[in-house]
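Inside the fold
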Amino acid sequence: MDLSIAIVAWNEEKNLPAVLNDILAQGYPHEKIELLLIDSMSEDGTKTVMESFAKKHEAEFRSIQVMENPGKILSRGWNRAINAFTTEALVRVDAHSSIPSDFIEKNVAALEAGEYVTGGARPNIVEEESPWQNVLLAAESSMFGSSAAPFRRGGEKTYVKSLFHGAYRREVFEKAGRFREDLGRTEDNEFNYRVRQNGFRLCLMPGIISYQMIRPDLVKMCQQKYGNGYWIGLTAGVCPRCLSLYHFVPFGFVLGILFTTILAMFGHPFLAVLMWTLYWLLAVGMAVQAAVGASALHNGQRNIQFVLLPFLFFLLHLSYGTGTLVGLVKMPFWRRSHHGKESRGSGNEKSGRGTGRDENERI
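Here the residue index of a chain counts from 1 through its sequence in written order. It should be noted that, the model being predicted, local features are given only for residues of pLDDT at least 70 and side-chain atom pairs only at 80 or more, the latter also being counted only at that level, while totals for whole chains, interfaces and linings use all residues. The basis for the side-chain values is all heavy atoms of the structure; hydrogens and waters are excluded.

A closer look at the sheet that holds strand E11 (residues 211-213)
Note on pairing: DSSP must find at least two bridges between two strands before they are called paired. Comment: elements are numbered from the N terminus, with helices defined as DSSP H or I runs of at least four residues and strands as E runs of at least two. In spatial order, the strands read E5-E11-E7; together these three strands make up an open sheet with mixed pairing. Looking at strand neighbours, the two that pair on one side only are strand E5 (97-98) and strand E7 (124-125), the edges of this open sheet. Pairing analysis gives two bridges linking E7 to E11, with the strands arranged parallel. Residue Ile125 lies in a different strand from E11, and its bridge partner there is Met213.

This is the structure:
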């Protein structure tokens with residue numbers, strides 16, 4: 001099977017060489033791989049890295065294309081890749097990630113076995129090893145932190161609602177269309193929902209694995225969570241069925257804070273005491289579990305900074321939940337401003353040439 005790998009990147013000069021080296025290390029025959037490198041108008045040397053790689057290695061691959069994504073947002077970049085790829089299947093690879101040498105080979109095996117959409121587990125990794133980075137990694141990787149989605153953990157072969165680094169047969173795009181270009185960080189949720197609605201199943205295969213790098217500091221991680229929650233709030237107004245209940249758990253937590261605080265101000269503190277007691281007991285318990293796991297992973301070495309993990313959980317939940325609250329408040333106005341644009345760029349038409357205007361989310 002000939003297939004294409006697409007990487008859409010914005011300001012990834014630092015991380016892009018590593019994932020390109022991962023592609024070079026793939027055991028699958030390079031002459032069967034088409035590589036699409038899409039620069040979203042980066043302000044650093046991302047495009048130069050792409051062009052240098054293409055010039056040096058173009059003879060090794062079926063082809064290498066370096067393209068621009070003037071729209072900047074991720075969904076427009078993926079649509080450029082979908083419109084440009086010329087093979088039987090397209091594999092999405094994030095620039096801020098890493099793939100093992102058998103990643104393409106295992107995806108091809110699953111596709112050739114009859115699946116139309118395949119992928120695997122996606123654990124998190126750090127950019128640079130350090131005690132503080134390991135604490136952030138524990139916060140991101142814990143089910144109490146961010147890793148409730150099945151694709152983050154993997155396991156037995158199963159069919160899921162969404163995938164990270166998915167491999168899609170051409171027939172999927174021909175029937176389900178392209179990505180909505182008016183969505184920021186939830187374009188995957190909405191697209192994979194349409195894929196399922198069009199009769200395809202998303203197969204999570206054991207043995208397929210890829211890795212995503214966490215944000216390198218707490219501020220960026222909280223900003224990421226706020227943005228994720230914000231787009232959950234907006235998307236609830238246009239495609240609620242593409243979201244799961246766990247997407248709204250942090251929002252419920254923020255509502256709980258507001259509700260119990262108001263009750264406490266009026267002389268009814270019981271629910272506030274109960275909620276905070278249960279929350280911190282759970283946060284501490286999950287932190288201890290994460291610390292024990294990290295200690296075992298690092299040959300018994302203890303990291304005193306893990307005492308901060310319960311507070312990191314709180315900040316991540318607060319950031320995500322506040323983002324969702326703001327998104328839900330703005331959603332009616334955002335939805336009205338996007339009235340009539342929903343189908344454009346959503347892939348309902350076969351051309352997939354959308355005209356969405358939102359450029360808040362860059363890669």
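Read on, since the account is not over.
Details of the pairing of strand E1 (residues 3-9)
Under the scheme applied here, a residue whose accessible area is under 20% of the maximum for its type counts as buried, over 50% as exposed, and between as partly exposed, the area being computed with a 1.4 Å probe on protein chains only. Burial within E1 is extensive, with seven of its seven residues counted as buried. Across seven bridges, E1 lies against strand E2 (residues 33-39) in parallel orientation. Of the residues in E2, the one forming a bridge with Ile5 is Leu35. Consider the strands pointing away from the viewer: the crossover is right-handed when the path from the first strand over the helix to the second runs clockwise. The parallel pair E1 and E2, bridged by helix H1 (residues 16-24), forms a crossover whose chirality is right-handed. Sheet topology places E1 next to strand E4 (residues 89-92); four bridges connect them, and they run parallel. In the strand pairing of E4, Ile5 is matched with Val91.

Let's talk about the sheet that holds strand E9 (residues 167-169)
Spatial ordering of the open sheet is given by E3-E2-E1-E4-E9-E6-E10-E8, a layout of eight strands whose pairing is mixed. Where the open sheet ends on each side, the last strands, each with one partner, are strand E3 (63-68) and strand E8 (158-160). Here the strands of the sheet are splayed against their neighbours by 30 degrees on average, with no regard to which way each runs. As paired strands, E4 and E9 are joined by three bridges and run antiparallel to one another. Considered in E9, the bridge of Ala89 is made with Arg169. Note on contacts: a residue pair qualifies if any of its non-hydrogen atoms lie within 4.5 Å across the two residues. Axes, fitted as lines to C-alpha atoms, cover a helix only where it is in contact. Angles between the N-to-C directions of the axes lie from 0 to 180 degrees. Each of E1 and E2 is contacted by H1, which is oriented at about 175 degrees to E1, the strand it contacts most.

Description of the packing of helix H8 (residues 218-235) against helix H11 (residues 309-337)
At a minimum axis separation of 6 Å, H8 and H11 run at an interaxial angle of 35 degrees. Relative to H11, H8 is oriented so that their crossing is right-handed. Under the scheme applied, nonpolar residues are Ala, Val, Leu, Ile, Met, Phe, Trp, Tyr, Cys and Pro; charged residues are Asp, Glu, Lys and Arg; polar residues are all the others, including Gly. Residue composition of the contact of H8 with H11, grouped by class: 16 nonpolar, eight polar and two charged. In a left-handed crossing the near helix is turned counterclockwise from the far helix by less than a right angle, and in a right-handed crossing that turn is clockwise.

Describing empty space enclosed by the protein
In this approach the atoms are scanned with a rolling probe the size of a water molecule, which exposes any empty space left behind. Put simply, the grid is 1 Å and covers the protein atoms alone, a cavity is a trapped set of points that fit a 1.4 Å probe, a pocket is an open set with protein on both sides within 12 Å along at least five of seven lines, and lining residues have an atom within 4 Å of a point. Grid points are joined across faces, edges and corners, and a volume is the space filled by probe spheres set on the points. This model, assessed by the stated rule, comprises one cavity of 30 Å³ or more. Its volume calculated, the largest cavity comes out at about 40 Å³. Forming the walls of the largest cavity are Asn124, Glu140, Gln212, Met213, Ile214, Arg215 and Gln224. In terms of residue class, the lining of the largest cavity is made up of two nonpolar, three polar and two charged.

Shape descriptors only; they carry no functional weight alone.
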